[in-house]
Amino acid sequence: MFIGGIKLAEKIIKLENVDLINLLGFQDSNLKPIEERFSASFNVRGDNVYIKGVQEEVEVVEKIFREMVYVLNTSGKLRSQDVETIIDLSIQGRDIVSNKELESVILYSKKDVIKAKNPNQEKYMDIVQKNDICFSIGPAGTGKTYLAVAFAVSALKKGIVQKIILARPAVEAGESLGFLPGDFREKIDPYLRPLYDALQDMLPGEQLRAYMDKGVIEIVPLAYMRGRTLNNAYVILDEAQNATGMQMKMFLTRLGPNSKSIITGDITQIDLPSSAQSGLLQAKDILKGIDGVGFIYFDKGDVVRHRLVKDIINAYEKYSNGKNQ
């Protein structure tokens, strides 16, 4: 829209996963520097910021708010002097964080920003966004499970889904469940521990306990999924290479309306008996080409854990190749 030859614009910014009290400051002190230096009008109502004015100013003010959110969520605090710095950089056309980095953010967790760290993780994000079912396949340390949990927590926080269900097959990897101490829950908990660890990184302890007490977040052995229909849920199957073909089919057919699923696994670490074929191996052949089902493949070059993890994977590959020659 033009008035007197001046192009006007309006923008709405959705504030997601943001502590509004700390963003705005005491008595809106963090907004005052913006009000003093721009003629564009803006107001915060609920989780939205509404900006109106000359297009060039509206775009700068929008950028300032997005960078304020980033600084708050990465450092845990935002002061009026921080806002002044953000304004100065924005006017100069400089970034605290690039738009590319903002696009790679999956979740602002209680500890840090969880975002894609390499091109394959960015591709993972894209495939998850475009498909209701995503298979994430690759070696240990590539972020398959951690990012899957982050996608699920982000969707829960945004109200896209109403619950998260995390499942793992309870397959013995050199240990016998029968000889472990405790009741069944105590025997099975070690298999589910990596999922608890990821959630504890992403959610405050009290909130996580409340979600689990209310059944908003469930962590269960794969066998517990039989007979259920999962609506409005984010469903993750981890260590899927240890699911049989029948278990994989059972899991995939649990999905109900408005639900999404991520299946993660490492086909080089199958712990099933030699007589049983991995359901993950079957699924990647059976389901390829189906609209709404996406696949992402990681390799040792995508490892984001300790630098030695990549070297260890290489060493085992060389050893295995030498034995097979």
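Predicted, not measured: the structure shown is a model, and the values here were computed from it. Here the residue index of a chain counts from 1 through its sequence in written order. pLDDT decides what is reported in this predicted model: residues at 70 or higher carry local features, side-chain atom pairs at 80 or more are listed and counted, and totals for whole chains, interfaces and linings draw on all residues regardless. Excluded from the side-chain calculation are hydrogens and water; included are all heavy atoms of the structure.

> Residue-level account of unusual backbone geometry, with values.
For glutamine 27, which is not glycine, the phi torsion reads 50 degrees and is therefore positive. With respect to the helices and strands, glutamine 27 occurs in the loop between α1 (20-24) and α2 (32-37). In this structure, asparagine 232 is a non-glycine residue whose phi angle is positive, near 50 degrees. On the secondary structure map, asparagine 232 appears in the loop between β9 (217-221) and β10 (233-237). With a relative accessible area of 24%, asparagine 232 lands in the partly exposed category. Secondary structure follows DSSP: runs of H or I at least 4 residues long count as helices, runs of E at least 2 residues long count as strands, and numbering of each begins at the N terminus. Only protein chains enter the accessibility calculation, which uses a 1.4 Å probe; a residue whose area is less than 20% of its type maximum is buried, one above 50% is exposed, and one in between is partly exposed.

> Can you break down the pairing of strand β11 (residues 260-265) residue by residue, with the values?
Here is the key point about a regular strand: its side chains alternate between the two faces of the sheet. β11 sits mainly inside the fold: six of its six residues count as buried. Burial of β11 is two-sided: the residues Lys260, Ile262 and Thr264 facing one way and the residues Ser261, Ile263 and Gly265 facing the other way are all buried. Note on pairing: two strands pair once DSSP finds at least 2 bridges between them. Strand direction decides the pairing type here: strand β7 (residues 133-137) and β11, joined by five bridges, are parallel. Paired with serine 136 across the bridge in β11 is threonine 264. Summarising the sheet, β10 and β11 pair through four bridges and their orientation is parallel. Along β11, the bridge assignment pairs leucine 237 with isoleucine 263. Assignment of crossover handedness uses the view with strands pointing away from the viewer, where a clockwise path from the first strand over the helix to the second indicates a right-handed crossover. Note on the crossover from β10 through helix α10 (residues 245-252) to β11: the handedness is right-handed.

> I'd like to hear about α10, residue by residue, with values.
For α10, the full list of buried residues reads Gly245, Met248, Met250, Phe251 and Leu252. Contacts are residue-level and defined by heavy atoms, with any inter-residue pair within 4.5 Å sufficient. Residues of α10 that are buried make contact with β7, β10, β11 and α11 (279-286).

> Describe the sheet that holds β9, and please don't skip the residues or the numbers.
Read from one edge of the open sheet, six strands run β9-β8-β10-β11-β7-β12, paired in parallel fashion. Edge positions in the sheet fall to β9 and β12 (293-297), since each has one partner strand and no second. Across the sheet, the mean angle separating the axes of adjacent strands is 15 degrees when strand polarity is ignored. Two strands pair when backbone bridges link them, and strand β8 (residues 163-168) and β10 are joined in this way by five bridges, in the parallel orientation. Considered in β10, the bridge of isoleucine 164 is made with tyrosine 234. Think of each axis as a best-fit line through the C-alpha atoms, taken over the contacting stretch in the case of a helix, with angles from 0 to 180 degrees between the N-to-C directions.

> Talk me through a nonpolar patch on the surface; I want residue IDs and the actual numbers.
Patch building starts from residues that exceed 30% relative accessible area and form no salt bridge, then joins like charges within 9 Å and nonpolar side chains (Val, Leu, Ile, Met, Phe, Trp, Tyr) within 5 Å. All accessibility values rest on the Shrake-Rupley procedure with a 1.4 Å probe; residue burial counts only the protein chains present in the view. Basic side-chain nitrogens of Lys or Arg form a salt bridge, by our definition, when they fall within 4 Å of a carboxyl oxygen of Asp or Glu. On the surface, Leu308, Ile312 and Tyr316 cluster together to form a nonpolar patch covering roughly 330 Å² of accessible area. For tyrosine 316, the position within the fold is in helix α12 (residues 307-324). Classification of tyrosine 316 by relative accessible area gives exposed; the value is 62%.

> Describe in detail the confidence of the model for the chain, supporting the description with residues and values.
In the predicted model, the chain carries a mean pLDDT of 85, and the fraction of residues at 70 or more is 88%. You can read pLDDT as the predictor saying how much it trusts each residue, on a scale of 0 to 100. Residue range residues 173-181 is modelled with pLDDT below 50. Its contacts to residues more than four positions away, or to other chains, number ten contacts.

> Explain the nonpolar core to me, and be specific about the residues and the numbers.
Residues belong to one nonpolar core when they are buried, are Ala, Val, Leu, Ile, Met, Phe, Trp, Tyr or Cys, and are joined through side-chain atoms within 4.5 Å. With 37 residues, the main nonpolar core has Tyr124, Val149, Phe151, Leu199, Tyr234 and Ile262 as its most contacted residues. Elements represented by at least two residues in this core include exactly β5 (105-108), α6 (119-130), α7 (144-157), β8, α8 (184-202), β9 and β10. A total of nine residues in this core trace back to one element, the largest contributor, which is α7. For valine 149, the contacting residues outside a window of four places in its chain are Leu166, Leu195, Ala198, Leu199, Met202 and Ile236. Counting residues in each nonpolar core, the second largest holds 28 residues, with Ala40, Val58, Phe65 and Val69 among its members.

> Outline the packing of aromatic side chains, supporting the account with residue identities and numerical values.
Note on aromatic contacts: the rings of Phe and Tyr and the six-membered ring of Trp form a pair at centre separations within 6.5 Å, being stacked when their planes are under 30 degrees apart, edge-to-face when over 60 apart, and tilted otherwise. Counted by the stated rule, this structure contains five aromatic pairs. Both rings, one in phenylalanine 135 and one in phenylalanine 295, keep their centres 4.9 Å apart while their planes meet at 10 degrees; by these two values the pair is stacked. With a gap of 160 residues between them, phenylalanine 135 in strand β7 and phenylalanine 295 in strand β12 connect regions that are remote in the sequence. In this structure, phenylalanine 135 and phenylalanine 295 share a single accessibility class: buried. Residues phenylalanine 295 and tyrosine 297 carry aromatic rings whose centres are separated by 6.3 Å and whose planes lie at 10 degrees to one another, so their mutual orientation is stacked. An aromatic cluster is built from Tyr124, Phe151 and Phe298, whose rings are joined through pairwise contacts.

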